[in-house]
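Reading the structure
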Amino acid sequence: MLASYKSDFYLLRGYLKTYIGTFALMIVFSVVQKSSYFAYFYPAFMAVFTPFSLFSLAEQSGWESMLLSAPITRADIVRGRYMMCLSIDLIMLLVGFITALFLKSDISSNIAALLLSLAAVLVLNSLVIPIVYKFGATKGRFAVMVICILPAIVFPLIGSSDADFDLLIKIVDFLQRIPVLLVIDACCLVLLGLSYFISYLIYNRKEF
C-alpha cells in the first residue's frame, strides 16, 4: 500500500502547489468574511476533484500499468488511492478547523461543523472513487453530475408548506448535535469500507 500511496503522491506532485495556493485563498476569504464556510467547502470539493485528477493522470501516464508489474497487489493499489484522497481531505479539514477556531471561539459549534464536513468528505469519497473505477475519469464525471443533479430535482418536489419547512428546520437542528454527528460519521466510515470493497471488486476484474 505504501508504494501505491507514494506513486499517487508522485502523480499529484505537480498539482500540490495549485491545491495549496487555492486553499490558502479560501482561508483568506474565510478570514475576510469572518466565516468558516470557505475553509470547509474546499475539502468537500477536493473529495470530488482529487479522485478524478489521480485517475486521469494515471491513465495519461500509463503509470498504473507499470505499478501492476511491481510486486504489489491490486488491493494495495486501491487502498493507497483511498489513503491519498483521504489524506489530502483530512489535512485540509484540520486546517479549516483551526481557521474556524480562530474566527469563532465556540468549540462546540466548531466541532459540529468539523464532524459534518468530515461526513460530507467520507460520503463523497465513498461515492466518487468506485464510480471512477467503474466508468473511468471521463465517463465518471457524467455519472457524478447526475448524482449531484438528482437532489436539486427531488428537493423542490417535496412539499413547501410551512409545516414541511418547520420539520426540515427540526431535522437540521437534530443533525447538528455532536452525538448524532458522531453516529453519522461512524456510519460514513462503514460506507467508506463498503466503497473500498466495491472498488476492489471492480479493479480486480479490470484488464489492462
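Residues numbered from 1 in each chain as written. Predicted model: local features only at pLDDT ≥ 70, side-chain atom pairs only at ≥ 80, totals over all residues. Heavy atoms only, no water.

1. A short note on the environment of L192
Checked against the element boundaries, L192 lands in helix α7 (residues 178-204). Accessibility expressed as a relative area gives 11% for L192, which makes it buried. Here the alpha-carbon distance between L192 and N125, two residues 67 residues apart in the chain, equals 7.5 Å. Those residues in contact with L192, other than ones at most four positions away along the chain, are Y82, L86, L122, N125 and S126. (Helix = DSSP H or I, 4+ residues; strand = E, 2+ residues; numbered from the N terminus. Buried < 20%, exposed > 50% of the residue type's maximum accessible area, 1.4 Å probe, protein only. Contact = heavy atoms within 4.5 Å.)

2. Thoughts on the side chain of S126
Its location among the elements puts S126 in helix α5 (residues 107-157). Separated by 3.4 Å, the side chain of S126 and the backbone nitrogen of L192 make a polar contact. With near-sequence residues (within four places) excluded, S126 lies in contact with C188, L191, L192 and S195. (Polar contact = N/O pair within 3.5 Å; in protein donor to acceptor, adjacent residues only side chain to side chain.)

3. Observations regarding the confidence of the model for the chain
Taken residue by residue, the chain gives an average pLDDT of 82. The fraction at 70 or more is 86%. Here helix α6 (residues 162-175) stands out as the least confident element of the chain, with mean pLDDT 59; α7 is the most confident, with 94. (pLDDT = per-residue confidence, 0-100.)

4. Thoughts on the packing of aromatic side chains
Summed over all chains, the structure comprises 10 aromatic pairs. Ring centres of F41 and F45 lie 6.2 Å apart, and the angle between their planes is 20°; this geometry places the pair in the stacked category. Here F41 and its partner F45 are both found in helix α2 (residues 37-61), four residues apart, which amounts to about one turn of the helix. Ring plane angle 15° and centroid distance 5.7 Å describe the contact between F45 and F49, whose orientation is recorded as stacked. You can see F45 and its partner F49 sitting in helix α2, four residues apart, about one turn around the helix. For F45, a relative accessible area of 38% corresponds to the partly exposed category. (Phe/Tyr/Trp six-rings, centres within 6.5 Å; stacked < 30°, edge-to-face > 60°.)

5. Comments concerning the layout of surface pockets
Taken as a whole, the second largest pocket spans an internal volume of roughly 270 Å³. If you go around the second largest pocket, you meet 13 residues; those closest to its centre are L16, I20, I88, I91 and M92. Elements supplying a minimum of two residues to the lining of the second largest pocket: α1 (2-33) and α4 (74-103). The element contributing the most residues to the lining of the second largest pocket is α1, with seven residues. Its residues assigned to classes, the lining of the second largest pocket comprises 12 nonpolar, one polar and no charged. (1 Å grid on protein atoms, 1.4 Å probe; cavity = no way out; pocket = protein on both sides within 12 Å on 5 of 7 lines; lining within 4 Å. Points joined across faces, edges and corners; volume = space filled by probe spheres on them. Nonpolar A, V, L, I, M, F, W, Y, C, P; charged D, E, K, R; others polar.)

6. Here's the deal with α1
Under the 1.5 Å per step criterion, the end-to-end length of α1 is only 40 Å for 32 residues, more than 12% shorter than the ideal 46 Å. Along α1, the helix axis deviates most sharply at R13, where the bend reaches about 60°. Those residues of α1 that sit buried are S4, S7, D8, L11, L12, Y19, F23, M26, I27 and S30. In this structure, the buried residues of α1 make contact with α2, α3 (63-68) and α4. K34 occupies a position one or two residues after α1 and carries a positive phi of about 55°. (Expected span 1.5 Å × (residues − 1). Bend = angle between axes of the 7 residues up to and from the residue.)

7. Some details on the packing of α1 against α2
Packing of α1 against α2 brings their axes to within 10 Å, and their N-to-C directions diverge by 165°. Between α1 and α2, the angle is such that the two are roughly antiparallel. The crossing of α1 and α2 is right-handed. Residue classes in the contact of α1 with α2 are distributed as 18 nonpolar, seven polar and one charged. (Axes fitted to C-alpha atoms, helices over the stretch in contact; angles between N-to-C directions. Parallel < 35°, antiparallel > 145°, perpendicular 65-115°, else oblique. Left-handed = near helix turned anticlockwise from the far one by under 90°.)

8. Structural notes on a nonpolar patch on the surface
A cluster of nonpolar side chains, namely L191, L194, F197, I198 and L201, defines an oily patch on the protein surface of about 410 Å² accessible area. Structurally, L194 can be placed in helix α7. (Patch = residues over 30% accessible without salt bridge, like charges linked within 9 Å, V, L, I, M, F, W, Y side chains within 5 Å. Areas by Shrake-Rupley, 256 points an atom, 1.4 Å probe, with all protein chains shown as cover. Salt bridge = Lys/Arg side-chain N within 4 Å of Asp/Glu carboxyl O.)

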